[in-house]
Amino acid sequence: MTASDGASTSQQSEPVDVEQDLSNGATHYSLSRALLARKDEYVRRHRIRVKVGSWNVAACPGTDKDLAGWFVDGKGLDNTMTKLDAHDQGAKSTEEQEASEAQGSTDSSQEGEDDSIRLVGGAEVGLYVLGLQEIIALNSISQYADSSAMSKWQAALEAAMPPYYKLVTSQQLSGLLLLMYASPEVADTISNVSTVSVGTGLLGYMGNKGGVSCRIMLGETTRMVFTNCHLASGHDQANLERRCWDYSRIMTQTQFAPLNHGGVLDDEGEKLGDEDFGFWFGDLNYRLDGLPGDDIRRLLMLHTRGEYDLSKQSTKSKLGGEDGVIVMQTENDRRNSTDTPSMMRETSFDQLDDDDGTTDLPDPDDFLPDPHDDPASVQATIDSLLPHDQLSRTINSRKAFHEGWREGDITFLPSYKYDVGTVGLFDSSEKRRAPSWCDRILYRTRKDLEKHHQKLLDEVEAKKKDEDMKERGIDHAADDESVLFDYDPDKDAASGSSSTNIYDYDEYDEGDDAPENGETETVVTKEGYKDGIKLDVYTTHQRVTSSDHKPIVALFTLDYDAVVPDLKARVHAEVAKELDRAENEGRPGVTVVVEKGAADEKDLTDGSGGIHFGDINFLDYKERSLTVANTGRVPASFCFVAKPDISGGAEGDRHGAAPPDWLHIDIQPPSMVKMINGEKTVNLEPGETVSAVIDLSVTELYHLHQLNGGIASLEDVLVLRVENGKDHFIPIRANWLPSSFGRSVDELIRIPPRSGGIRGFIKKLRDGGTVSETAQQGGSRIPQSADVHTSSPHELYKLTEAIETLTERCVADESILEEESAKIPRDTAGWPFAAEIPLLTSSGEYDDQIAEDQRSLSALIQALDTDTPTQILDALPPGLPALKRLELTAHVFVLFLRSLSDGIINGPLFSQIEAALPFLSPATSAKPGKDVEDDKTTILDILATAPYNNISFVFITAMLARVASEVVPLTPEEVAALDADNVRSKRGSSVRALGVLRRTTSSAGRSPSGSIEGVDARNLQRRLDWEKKVGELLATAICRHGGGEGGAAAINLSDKQRKASEERMRGLVQIFMRRRDGV
Amino acid sequence: MSTRGGPAAARGMNARFAQFKLVLLGESAVGKSSIVLRFVKDQFDSYRESTIGAAFLTQTISLDENTTVKFEIWDTAGQERYKSLAPMYYRNANCAVVVYDITQAASLDKAKSWVKELQRQANENIIIALAGNKLDLVTEQPDKRAVPAADAEAYANEAGLLFFETSAKTAENSVLDIADQDSDQEA
């Protein structure tokens, strides 16, 4: 066995990289590769004999009766060729000869010798492959589809072989028949038998000529193909061309069934050339060129008649000796075979050894001259004819059989054409056909074909180089030198000795590569196993006379690895286990550590390593940090994956529900994040760490409503997925604190004063059992049954009061401090309500100023929710400038209004207003003062039906008017100017005020007389802009769409309706922003 | 032999190769992770921490000389709070092993609810096996049994499940056998 080097050398094209496979885990590729690397553990070496025979029986009667004798029993070898008397033998009928052989008596000495040099046969051969041609007469159409011929031959062969031999394949194509039988041991290891016929005869496809090929798989390791053919006959050039065409047709048209690997079919069928060992035999019909047929006949007849018999004795024993080698194994071979459970019949070889034991070591004195060197020998005559052989010429000119095919030495007479019934009488009929080696057995290995392909590649390469040289004009310069180095040692050597492979034109095939005759040649099979083949015998059975062709036979010794299924299954299981172990142990692994939080942020104590953010207020911002460390042995990549959306049930939706908007994860440093397949992925080398900052803040109003309503909670599980590894769950929790934000006026007015705000009130309700304990944390509505304690939400009162106070303070500061920082930004329309205060979550990056502002907002909200401190402004950091305080408070005020679940003027109220004042719009504020006052009265009358809302509304509008008058004040003249303008002009309302402006601004520079006294046009414009902006900011916060219940109604509105409705809202808010007294 | 072999049948050099996704579900502390440990490493660990997350492992087994099946096993967290994450793991699974503890009657109820969810939400061809774990406890002390095998088996038959009682500790009725049957049915 070639155990140790098997793994390394058997993978020429694809080296086994088991390490690589391990990291990828068990795939079918890695499994089969790893399995192959251990093949020595489950394959066992086998050595079998393969006997290939071919015979053109020329549809002669009685040929089937001869079959057993030569093909199975190995009889009929002509070891005494020179002694033959063609006439004597010819006179003997086939039957007589057979009878004499069977008796072994008539011509005792000669017949006895024949028996002793019998070719290996019977049970010594593992695989019999027989190719017959012309089993039916080719001109007989009636017999075309006759299958009786096939049965006849099958029966003849089966009768001859040991009874337990099994039929592998039997296929007839017209006169062609391919039969294959295997010994039971071998038959059990044969799979994937596929036999294909290709006709190339009449019309290019009829079966009178063509080939039958059979592919088998031996021992799951070795592909073999046997092709029996009958190529076009005839001697002239056209016939020769046709033979080449026949060959290429068979080559290209033969398509075997796809290989079945234990139930799994290959995608494509195999063709000729895919096999590890190919055998091509039959009546190839190649003739001898350039010699008159009569000359050949005469030359050979001299031998067959014994007229050249000058060295009878020596030649005879020489041939006998050769045959002795043929049928025996050498000592070496036997030793090799003993350590394998061989399928050969060892006993028969031993026997043969005993019989011919002495021929192993011939006495040096008896050493015989090489018959090739003896000009009088048959072999010398054969050698002189072979250069005229069309087949070798065809191969050399690469017209056919040039793709690595080779043949054993020809040491026998031409197989064609004899007079039927004679041993050595060449065609004596009128046609006097020239004798030729029509019947041949060629073979090739995978290696031969590969070499051929390589040679073609090399030639193309060399040609390219040549042309390249030519182009550069180097070839001429080299001309002189080439004469000096024209000597080719290979050619020189080849011309002197008889090459093993007479068609071996391959210059690359030198030294150790080229197998000497009798040596086993190693071939790596397609499956990666190392097999060996050796041609032992190549000869004809000259004494078989029932056809005009002599049967030809080749005996091979094949060494191959055969899979032992049980062993393979065991190794397979082991390999799979090993791959699994490596894969599972080699999985990436990370450790997730949650950094400690503040005192109130107790981590979950259930061992989950989850995060508890503690109490959370509206607009609170809290963050915690996770450290993710690669504690595995291999690089790990991880990402946070979205959880499945079970409500939607969308199949195969990998991304699932979006992560909650109150949680954000930021990888620090952000440069570690790579986008892979749409996921933010982090790659960590072993030992590397990265931080993930998780921040939590509730900023969205819808979420606020859900939390207050108890239909949502601050709970989630982050899923940190390590690619090819574990999913880590990180539970996140926070405790939502009840908030006055996101409620209704109706709820808020029931909060008793001095009870700790809404939070204290809800706690009291819970303690009292009024609010269900089972409600989600922090979520609970204030029941309508609770007493009303205030006429308007206390929070609203506090906010408006604070804004008014701060506005006054700011104006005072501005005039006193005369500092730039204390200047009120009057040019910012809608200030302070429109002041931008970004939040952390929306800003993306952490910013100290933003964080501080958000903390301040949160502090104000908490002060409102807890009624502590009672003066909400005390909740702000003491050093904060008044301007900032005002901006923050105004922002909280706007948020408060927006968060109200049904505004100040709820849907039903606003519907009434819309009905009463359908033309209400921002332009309404520019109407004559009296009209505006009428509209206001109408609105207030409607609101009066809802006193709490009414009072809240008045609080707000009074505050707004107050702030407006402080921030963007108008002089009484300016108010009058606006009104006056309105009175004078009856045109479209929206242009009236602007009309004043236009007049004043255009005249301002040139003629002071044109301007109205005490009216600053810029001032007017600023005021109008301010009102417009605040109107936009607060309209939808104060008013809610009518026509139904809150939001639902709004959804039902068309865009156009909504727009119109919002116009009215702005108008409503704006007309209350200017007091007629102009203050 | 049919070449239909689960979702990821592939051709090997000499074999049929199929991949199956298998998910373990069941109440907390019934022994899902122990079963996986027995399946994959043939080991038992008396003190295992509760699984927080989902462990991913593979196991390749040969059914016969030519057929190889690779299981991608997701061992999930059993705690109630992670229940909503389970679809991530049973989605596209070819087989599910729903585990209960034969000494805890409530764990079978939980298993039944998992089966119901799987039959409603998972791949319609999913093969579900019901595995009663901790057989070793009952072997030692028969009075510890809270779920009669016959009851569970009757339920399994009714719901069309494979049924086994097993012990991850003693490797009795290893889940390997269940997996074998799973893939046999699939193939």
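Counting from 1, residues in each chain are numbered in the order their sequence is written. Following the order in which they are written, the chains are lettered starting with A and the ligands numbered starting with 1. Local features in this predicted model are restricted to residues whose pLDDT is 70 or higher, and side-chain atom pairs enter the listing and the counts only when it is 80 or higher, whereas totals over whole chains, interfaces and linings include all residues.

You'll find chain B entered in an unreviewed UniProt entry as GTP-binding protein ypt5, with Apiospora saccharicola given as the organism.

Under an unreviewed UniProt entry, the name given to chain A is Type II inositol-1-4-5-trisphosphate 5-phosphatase, and the source organism is Apiospora saccharicola.

So what's going on with the overall build of chain A? Which residues, and what values?
Numbering of helices and strands starts at the N terminus; helices are DSSP runs of H or I of at least 4 residues and strands are runs of E of at least 2. Broken down by element type, chain A carries 35 helices and 25 strands. With 1079 residues in all, chain A has 43% of them scored as buried. Contact between two residues is assigned whenever their backbone-derived C-beta positions fall within 7 Å. For chain A, the share of sequence-separated contacts (at least 6 apart) that also reach a separation of at least 24 residues comes to 74%. A residue is called partly exposed when the number of other C-beta atoms within 10 Å of its own lies between 12 and 20, exposed at 12 or fewer, and buried at 20 or more, with C-beta atoms placed from the backbone.

Report on the overall build of chain B, specifying residues and quantitative values.
Helix and strand counts for chain B come out as six helices and seven strands. Listing the helices and strands of chain B from first to last along the sequence gives β-β-α-β-β-α-β-α-β-α-α-β-α. Considering chain B as a whole, with its 187 residues, one finds that 51% of them fall into the buried category. Considering only contacts within chain B whose residues lie at least 6 apart along the sequence, 69% involve residues at least 24 apart.

So what's going on with the packing of helix α11 (residues 293-304) of chain A against helix α15 (residues 378-385) of chain A? Which residues, and what values?
All names here are of chain A. The N-to-C vectors of α11 and α15 enclose an angle of 165°; their axes lie 10 Å apart at closest approach. Judged by the inter-axis angle, α11 sits roughly antiparallel to α15. In the packing of α11 onto α15, the handedness of the crossing is left-handed. The residues of α15 that touch α11, namely those facing Ile296, Leu299, Leu300 and His303, are Val378, Thr381 and Leu385. By residue class, the composition of the contact of α11 with α15 is five nonpolar, two polar and no charged. Only the stretch in contact is used when fitting a helix axis, every axis being a line fitted to C-alpha atoms; angles between N-to-C directions are given from 0 to 180 degrees. Angular relationships are summarised with four words: roughly parallel below 35 degrees, roughly antiparallel beyond 145, roughly perpendicular across 65 to 115, and oblique for the angles in between. Note on convention: near helix rotated counterclockwise from far helix by under a right angle means a left-handed crossing. Clockwise means right-handed. When residues are grouped by polarity, Ala, Val, Leu, Ile, Met, Phe, Trp, Tyr, Cys and Pro land in nonpolar, Asp, Glu, Lys and Arg in charged, and all others, Gly among them, in polar.

Pulling in residues and values, what's your account of the sheet that holds strand β5 (residues 190-199) of chain A?
All names here are of chain A. Judged by pairing direction, the sheet is mixed, and its six strands sit side by side in the order β5-β6-β7-β10-β12-β11 without closing on themselves. Each edge of the sheet is formed by a strand with only one pairing partner; in this case those strands are β5 and β11 (406-407). Across the face of the sheet, helix α10 (residues 237-253) comes into contact with β5, β6 (210-218) and β7 (222-230) while running at roughly 140° to β5. Of the strands in this sheet, β11 and β12 (439-445) touch helix α17 (residues 446-471), which is tilted by about 80° from β12. Criterion used throughout: strands pair if DSSP finds at least two bridges between them.

I'd love a proper account of the sheet that holds strand β20 (residues 663-668) of chain A, names of residues and values included.
All names here are of chain A. With antiparallel pairing, four strands are arranged side by side in an open sheet as β16-β18-β23-β20. Each of the sheet's edge strands pairs with one partner strand only, and the pair in question is β16 (590-594) and β20. Across the sheet, the axes of successive neighbouring strands diverge by a mean angle of 25°, strand direction being ignored. The pairing of β20 with strand β23 (residues 689-696) spans six bridges and is antiparallel. Looking across to β23, one finds that Asp666 is bridged to Val693.

Requested: an account of the nonpolar core, with residues and values cited.
To form a nonpolar core, buried Ala, Val, Leu, Ile, Met, Phe, Trp, Tyr and Cys residues must be joined through C-beta atoms within 7 Å. Counting 270 residues, the largest nonpolar core has A:Ile1038, B:Ala96 and B:Val98 as the members making the most contacts within it. With near-sequence residues (within four places) excluded, A:Ile1038 lies in contact with A:Leu897, A:Gly903, A:Ile904, A:Ile905, A:Ile956 and A:Val1069. With eight residues, the next largest nonpolar core counts A:Leu970, A:Val975, A:Leu1020 and A:Leu1024 among its residues.

Run through helix α4 (residues 63-72) of chain A, naming residues and quoting values.
All names here are of chain A. Counting buried residues in α4 gives eight out of ten residues, a clear majority hidden from the surface. For α4, the complete set of buried residues consists of Thr63, Asp64, Asp66, Leu67, Gly69, Trp70, Phe71 and Val72. After α4 finishes, the residue Gly74 shows a positive phi value of roughly 75°.

Give me the lowdown on the confidence of the model for chain A, citing residues and values where you can.
Residue and element names in this part refer to chain A. Confidence scores here are pLDDT values: one per residue, from the predictor, ranging 0 to 100. Looking at chain A, pLDDT values average 76 and 73% of them are 70 or higher. Note that pLDDT drops below 50 for residues 80-116; the model gives that stretch 57 contacts with residues more than four away or on any other chain. Low confidence marks residues 492-516, where pLDDT is under 50. Its contacts with residues over four positions away, or in another chain, come to 25 contacts.

Quick one: what's the story with the packing of helix α24 (residues 794-817) of chain A against helix α27 (residues 882-899) of chain A, residue by residue and with numbers?
All names here are of chain A. The geometry of α24 relative to α27 is characterised by a closest axis approach of 9 Å and an angle of 155° between their N-to-C directions. By the criterion of interaxial angle, the relationship of α24 to α27 is roughly antiparallel. The chirality of how α24 crosses α27 is left-handed. Counted together, Glu795, Leu796, Leu799, Ala802, Ile803, Leu806, Thr807, Arg809, Cys810 and Asp813 of α24 and Ala882, Leu883, Arg885, Leu886, Thr889, Ala890, Val892, Phe893 and Phe896 of α27 form the full contact between these two elements. By residue class, the composition of the contact of α24 with α27 is 13 nonpolar, two polar and four charged.

Can you explain the pairing of strand β15 (residues 552-563) of chain A? Please cite residues and give values.
Side-chain positions along a regular strand alternate between the two faces of the sheet. Residues and elements named next belong to chain A. Judged by how many residues are buried, β15 sits mostly within the fold: twelve of twelve residues are covered. Here β15 shows two buried faces, one formed by Ile552, Ala554, Phe556, Leu558, Tyr560 and Ala562 and the other by Val553, Leu555, Thr557, Asp559, Asp561 and Val563. As paired strands, strand β1 (residues 43-56) and β15 are joined by twelve bridges and run antiparallel to one another. Considered in β15, the bridge of Ser54 is made with Ile552. The pairing of strand β14 (residues 530-540) with β15 spans eight bridges and is classified as antiparallel.

If you had to explain the pairing of strand β18 (residues 622-630) of chain A to someone new, which residues and values would you point to?
All names here are of chain A. As defined by bridge partners, β16 adjoins β18 across five bridges and the pair is classed as antiparallel. Within the sheet, the bridge partner assigned to Val590 lies in β18 and is Asn630. Bridging between β18 and β23 involves eight bridges; their strand directions are antiparallel. For Lys622, the partnering residue across the bridge sits in β23 and is Leu696.

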